[in-house]
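Chain and residue survey
Each chain is listed here by its residues.
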Amino acid sequence: ISNTGATTIAANATTIAKVEAALRAELIVVGPILQADALTLTVYFNHKVTINKIRSFLTVVIATADSVITAKNNAGTAMANGVLTIAVAGVAVGDEDTVSPTTNNVIGDGEKLQLAIDGGASAGEAIFFIECTRTA
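As a starting point, this report considers the structure included with it.

Focus: the nonpolar core
Phe45, Ile51, Leu113, Leu115 and Phe128 are the most contacted members of the largest nonpolar core, which totals 22 residues. Among the elements of the structure, strand S2 (39-44), strand S3 (49-60), strand S4 (67-72), strand S5 (78-86), strand S8 (112-118) and strand S9 (125-134) are those that each provide at least two residues to this core.

Here you go:
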């Protein structure tokens, strides 16, 4: 926008494909979740999605052991590149860990995403963000 109020949009800056992709993108927030000895968090979807990224942000540090979170599809199959580890070393509130699953990461209509958490004793607490794309 210029100082006179004129607006210029570069060629192909906005396309139907870009708008459609933005409308299909979703962000699910889960937590905070206590990372206990063993816990499976289940997130149900009422439409088909592809899980693109899972992020964790540490909210409480009481870590005595690494916390390992394994993303699984509805059948309980682990997602390739879907294991997120929150390491004890150098851990601080607000630290982010992220994974980008590449296979077994489609969740069908009425199915669930499972986050299998193995936190060890008194591992801590985190909030999870699940980035996904709605698919047909």
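A closer look at the packing of aromatic side chains
A complete count under the given rule lists 1 aromatic pair for this structure. With 5.5 Å between their ring centres and 90° between their planes, Phe57 and Phe129 make a pair best called edge-to-face. Separated by 72 residues along the polypeptide, Phe57 in strand S3 and Phe129 in strand S9 bring together distant segments of the chain. According to the relative accessible area criterion, Phe57 is partly exposed, its value standing at 26%.

Criteria and thresholds
- Residues numbered from 1 in each chain as written.
- Predicted model: local features only at pLDDT ≥ 70, side-chain atom pairs only at ≥ 80, totals over all residues.
- Heavy atoms only, no water.
- Core = buried A, V, L, I, M, F, W, Y, C linked by side-chain atoms within 4.5 Å.
- Buried < 20%, exposed > 50% of the residue type's maximum accessible area, 1.4 Å probe, protein only.
- Helix = DSSP H or I, 4+ residues; strand = E, 2+ residues; numbered from the N terminus.
- Phe/Tyr/Trp six-rings, centres within 6.5 Å; stacked < 30°, edge-to-face > 60°.

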